[in-house]
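Residue strings, one per chain:
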Amino acid sequence: MANTLTKTDFNFPGQKSVYHGKVRDVYDIDNDLMVMVATDRISAFDVILPKGIPGKGQVLNQIAGKFLDATSDIVPNWKLATPDPMATVGLKCEGFRVEMIIRGYLTGSAWREYQAGVRKLCGVKLPEGMKENQKFPEPIITPTTKAEAGHDENISREEIIAQGIVSKEDYEQMEKYTRALFARGTEIASKHGLILVDTKYEFGKRDGKVYLIDEIHTPDSSRYFYADGYQERFEKGEAQRQLSKEFVRQWLIDNGFMGKAGQQVPEMTDEYCQSVADRYIELFEHITGEKFNNESETCSNLAARIQKNVTDYLESRK
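Residues numbered from 1 in each chain as written. Predicted model: local features only at pLDDT ≥ 70, side-chain atom pairs only at ≥ 80, totals over all residues. Heavy atoms only, no water.

Draft legend 1. Highlighting the overall build of the protein. Of the regular secondary structure elements, the protein holds 8 helices and 17 strands. Since a compact globule built from 318 residues should have a radius of gyration of about 20 Å, the 19 Å found for the protein is in line with a globular shape. Within the span of the protein, comprising 318 residues, buried residues form 51% of the whole. Accessible surface computed for the protein: about 14,800 Å², of which carbon and sulfur atoms make up 47%. The average position of the 42 basic charges and that of the 49 acidic charges among the side chains of the protein differ by 3 Å. (Helix = DSSP H or I, 4+ residues; strand = E, 2+ residues; numbered from the N terminus. Rg over C-alpha atoms; globule rule 2.2 N^0.38 Å. Buried < 20%, exposed > 50% of the residue type's maximum accessible area, 1.4 Å probe, protein only. Areas by Shrake-Rupley, 256 points an atom, 1.4 Å probe, with all protein chains shown as cover. Lys, Arg positive; Asp, Glu negative; His and termini not counted. Charge placed at Lys NZ, Arg CZ, Asp CG, Glu CD.)

Shown next, in the form of structure tokens:
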């Protein structure tokens, strides 16, 4: 779609390199800073889908910015400023090669594994007799190792420490932060009539301290249910009304795609892309309580705006 930004090629002051991720492009600035641009790309099953989603980058960047600010009393984070709706400038940290996934409910990939008979997930024992979308007695942490390419792999706390991927001290700190962040996210979601079902956090290290990095509590990294009707739907075994990227995964599954060799991504019509955009905006407005302000711009105008806004900010720091 013409009004989506799916590729970036910026040249910011002090730029040393750029890393193009699945959704975000990270620009390395001088020795201390980085610029993270949230593009309109969308991925599922670790595959970047062929079309972008209008407004998605702005939704992700603005939700992440708000939650980084709302949790800065819990854990130091990388964010310095959001000079553009689609870009954040922050401190460079050395990222840990682990994603901290925390689950409050049995759903998504965890449910699919549970259905297949799995009763131990990332070293965590799961109770017998659970149903889809049931709340765990206590939230569970199911970490994954961050892959350079392809799928992230499930791993246990014990394996992470034994293999020296993260030190015992740092892992325990990350675990503590993960539980505290999830509790804060749950509390904020509840105020807006939502349930924070599960989410992931990424951490890094800077000057000997653990920092929260990347995004937080966005629809790409988190799953939300509507609180209204949750219990009734659960008791009837009905699908929950949710705000997350899971509906995109489900659409792909229904159309025969799960990221496996030989499978084709189904056609993404402009109408379908707009319907996904509407869901992202719906989540933004629910979780922030604010109206989403998105001017429909051409790709070249979006890029020019980001280039100017970020450049002005970086120049102002000199």
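Draft legend 2. Summary view of the nonpolar core. Among the nonpolar cores identified, the biggest contains 79 residues, and Phe12, Val35, Phe203, Tyr224, Ile306 and Leu314 are the most heavily contacted of them. When residues in this core are grouped by element, the largest group, 8 residues, is from helix H7 (residues 270-288). Grouped together as the second largest cluster of nonpolar side chains are 10 residues, Leu106, Cys122, Leu126 and Met130 included. (Core = buried A, V, L, I, M, F, W, Y, C linked by side-chain atoms within 4.5 Å.)

Draft legend 3. Representation of the side chain of Thr71 within the structure. With respect to the helices and strands, Thr71 occurs in the loop between helix H1 (56-70) and strand S6 (79-84). What Thr71 contacts, discounting residues up to four positions off in sequence, is Leu181, Arg184, Leu212 and Ile216. (Contact = heavy atoms within 4.5 Å.)

Draft legend 4. Fine view of the packing of aromatic side chains. By the definition in use, this model includes 11 aromatic pairs. Here Tyr230 and Phe234 contribute two aromatic rings whose centre-to-centre distance is 6.0 Å and whose plane-to-plane angle is 10 degrees, an arrangement assigned as stacked. One end of the pair is Tyr230 and the other is Phe234, both in helix H5 (residues 230-236) and 4 residues apart, which spans about a single turn. Classification of Tyr230 by relative accessible area gives buried; the value is 9%. Judged by its relative accessible area of 16%, Phe234 falls in the buried class. Through pairs of rings, three or more aromatic residues link up here, namely Tyr105, Phe225, Tyr230 and Phe234. The ring of Tyr114 carries the charged tip of Arg119 above its face, separated from the ring centre by 3.6 Å. (Phe/Tyr/Trp six-rings, centres within 6.5 Å; stacked < 30°, edge-to-face > 60°. Lys NZ or Arg CZ within 6 Å of the ring centre and 35° of its normal.)

Draft legend 5. Inspection of the environment of Gln62 at higher detail. Residue position: Gln62 is located in helix H1. The class of Gln62 is partly exposed, set by a relative accessible area of 24%. Sequence separation of Gln62 and Met268 is 206 residues, and the distance between their C-alpha atoms is 25 Å. Non-local contacts of Gln62, meaning those with residues more than four positions away in its chain, are made with Pro85, Phe284 and Phe292.

Draft legend 6. How the structure looks around the sheet that holds strand S7 (residues 87-91). Read across the open sheet, the 5 strands follow the order S1-S2-S3-S7-S6; overall the sheet is antiparallel. Bordering the open sheet on either side are strand S1 (15-20) and S6, each of which pairs with just one other strand. The sheet shows a mean angle of 20 degrees between the axes of neighbouring strands, direction not considered. As judged from the 5 bridges shared by strand S3 (residues 33-38) and S7, these two strands associate in the antiparallel manner. (Pairing = 2+ DSSP bridges. Axes fitted to C-alpha atoms, helices over the stretch in contact; angles between N-to-C directions.)

Draft legend 7. Spotlight on H7. Here H7 spans 27 Å end to end across 19 residues, near enough to the 27 Å set by a 1.5 Å rise per residue. Of all the residues in H7, the buried ones are Tyr272, Cys273, Val276, Ala277, Tyr280, Leu283, Phe284, Ile287 and Thr288. Taken around the axis of H7, the buried residues stretch over an arc of 145 degrees, which confines them to a single face. Buried-residue contacts for H7 involve H1, helix H4 (168-191), strand S14 (194-206), strand S16 (222-226), strand S17 (242-244) and helix H6 (246-254). Phi for Gly289, located one or two positions after H7, is positive at around 70 degrees. (Expected span 1.5 Å × (residues − 1). Arc of directions from axis to C-beta.)

Draft legend 8. Highlighting the confidence of the model for the protein. Across the protein, pLDDT averages 93, with 97% of residues at or above 70. Taking the mean pLDDT of every element in the protein, the minimum, 82, falls on S17 and the maximum, 98, on S7. (pLDDT = per-residue confidence, 0-100.)

Draft legend 9. Fine view of the environment of Leu212. Counting through the fold element by element, Leu212 comes out in strand S15 (residues 209-213). Sequence separation between Leu212 and Ser72 is 140 residues, and the spatial gap between their C-alpha atoms is 9.0 Å.

Draft legend 10. Spotlight on the side chain of Glu215. Checked against the element boundaries, Glu215 lands in the loop between S15 and S16. A distance of 2.5 Å separates a polar atom in the side chain of Glu215 from a polar atom in the side chain of Thr218. Setting aside residues up to four positions removed in sequence, Glu215 forms contacts with Arg24, Leu60, Ala64, Lys200, Asp220 and Ser221. (Polar contact = N/O pair within 3.5 Å; in protein donor to acceptor, adjacent residues only side chain to side chain.)

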